[in-house]
Structures are given as structure tokens and as C-alpha cells.
Amino acid sequence: MNQVDAAVDRLIQAIYESKEYKRYQTIRAKVHEDLQLEQNIHAYRKQNYEFQNSTDESDMYERADKLERESVEFRRNPLVDEYLAAELAFCRLFQEINWTIVSKIDFDLGFTIDG
């Protein structure tokens, strides 16, 4: 095993031991016990993803308002809210890792991270 592979293995282990990963896995297991809730969460996430990545600007504000209203209602379920918050924290952990790596190595992104 080379040095990079060993470092990646250590990074993965550190992620497994992070509070973000542990919290996400705990909440994910609870959600998985309720198949309908799990399906609803996946449908919500898909709808949100599609909206965020849509290039169709027609009625965008109406769609944003609708999604926001649905989000508020959907997140009234404490398990849904906790799951989505844990998922976001876990995703942010990955973003921090990626940005740290990219900012520390000489890799031309075509823009600067600091501005």
C-alpha cells in the first residue's frame, strides 16, 4: 500500500469516528425502520435537488415558495428534521475536507477559493 492509500484509509477511519457520521448513521437507521417515511424523505430530497439544479427559470419564485412551504410542513416531523439536519452536517464535513485538500495543493480551479 502506498502512502496516499494509507492516508485515505486513515481519513476514512477518521470520518467513521466523527460525530457527524455517527449521528447521521444513527438517525438514518431510525428512518430506515419506517419505509414510507424513508421514501418520502428520498422524494423530498429528489424534488429539492431537481429544483436547485433546474435551468428552467419560468415560475421559479412560485416553485421556490411551494418547496419552502412543503419543507416547513415536512420538517415538522422531528425525525425528518433530525435526519435532514444530520445529513447536512455530514455533507458539510465532506465539503470542508474537499476544500481543504484543494486549497492546500497546487491545482488550478480557474478561480480562487478565498474570493
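All residue numbers refer to position in the chain's written sequence, counted from 1. Per-residue local features are limited, in this predicted model, to residues with pLDDT of at least 70; the limit for side-chain atom pairs, both in listing and counting, is 80 or more; totals at the level of whole chains, interfaces and linings are taken over all residues. To get the side-chain values, all heavy atoms of the structure are used, and hydrogens and water are removed first.

*Asks:* Kindly report on the environment of Asp34, identifying the contributing residues and their values.
*Replies:* Under the scheme used here, helices are H or I runs from DSSP no shorter than 4 residues and strands are E runs no shorter than 2 residues, and both carry numbers assigned from the N terminus. Looking at the secondary structure, you find Asp34 in the loop between helix H2 (19–32) and helix H3 (35–52). For the pair formed by Asp34 and Tyr16, sequence separation is 18 residues and the distance between their alpha carbons is 24 Å. At a separation of 3.1 Å, a polar atom in the side chain of Asp34 contacts the main-chain amide nitrogen of Leu37. Two N or O atoms form a polar contact when they lie within 3.5 Å of each other; inside protein one atom must be a possible hydrogen donor and the other a possible acceptor, and for residues adjacent in sequence the pair counts only when both atoms belong to side chains.

*Asks:* Quick rundown of helix H1 (residues 3–17)? Include the residues and the values.
*Replies:* Multiplying one less than the number of residues by 1.5 Å gives the expected span of a helix. With 15 residues, H1 should cover 21 Å at 1.5 Å per step; its first-to-last C-alpha distance of 21 Å lies within 8% of that length. At the N-terminal boundary of H1, the capping side chain belongs to Asn2, with an oxygen 3.0 Å from the backbone nitrogen of Val4.

*Asks:* Go over the layout of surface pockets, please, and point to the residues and values.
*Replies:* Empty space within the largest pocket amounts to approximately 400 Å³. Residue assignment for the lining of the largest pocket shows that the elements contributing at least two residues are H3 and helix H5 (78–104). With seven residues, H5 is the largest single contributor of residues to the lining of the largest pocket. Looking at the lining of the largest pocket residue by residue, the classes come out as six nonpolar, five polar and four charged. A 1.4 Å probe that fits but cannot get out identifies a cavity on a 1 Å grid over protein atoms alone, an open set with protein on both sides within 12 Å along at least five of seven lines counts as a pocket, and a residue lines either if it has an atom within 4 Å of a point. Grid points are joined across faces, edges and corners, and a volume is the space filled by probe spheres set on the points. Note on residue classes: Ala, Val, Leu, Ile, Met, Phe, Trp, Tyr, Cys and Pro are nonpolar, Asp, Glu, Lys and Arg are charged, and everything else, Gly too, is polar.

*Asks:* Residues and numbers for the packing of H3 against helix H4 (residues 60–74), please.
*Replies:* The axes used here are C-alpha line fits, helices contributing only the stretch in contact, and every angle between their N-to-C directions lies in the interval 0 to 180 degrees. Put simply, H3 and H4 touch, their axes get as near as 11 Å, and they point 155° apart. Here H3 lies roughly antiparallel to H4, going by the angle between them. Note on packing geometry: the crossing formed by H3 with H4 is left-handed. Note on element contacts: H4 touches H3 through Met60, Arg63, Ala64, Lys66, Leu67, Glu70, Ser71 and Phe74, opposite Asn40, Ile41, Tyr44, Gln47, Asn48 and Phe51. Residues belonging to the contact of H3 with H4 are distributed by class as follows: seven nonpolar, four polar and three charged. What sets the label is the angle itself: under 35 degrees gives roughly parallel, over 145 gives roughly antiparallel, 65 to 115 gives roughly perpendicular, and the rest give oblique. Each helix crossing is assigned a hand: it is left-handed if the near helix lies turned anticlockwise from the far helix by less than a right angle, otherwise right-handed if that turn is clockwise. The contact definition used throughout considers only heavy atoms, calling two residues in contact when any of these lie within 4.5 Å.

*Asks:* Residue-level account of the pattern of salt bridges, with values.
*Replies:* Salt bridge, as applied in this entry: a Lys or Arg side-chain nitrogen positioned within 4 Å of an Asp or Glu carboxyl oxygen. The final tally for this structure, using the stated rule, is seven salt bridges. Among the salt bridges present, the one from Glu87 reaches Arg45, with a minimum N-O distance of 2.8 Å. Of this pair, Glu87 sits in helix H5 while Arg45 sits in helix H3, and the two are 42 residues apart along the sequence. Exposure is judged per residue with a 1.4 Å probe applied to protein chains only, and the accessible area is read against the type maximum: over 50% gives exposed, under 20% gives buried, and values in between give partly exposed. Look at Glu87 and you get buried, because its relative accessible area is 13%. Residue classification places Arg45 among the partly exposed residues on the basis of a relative accessible area of 30%.

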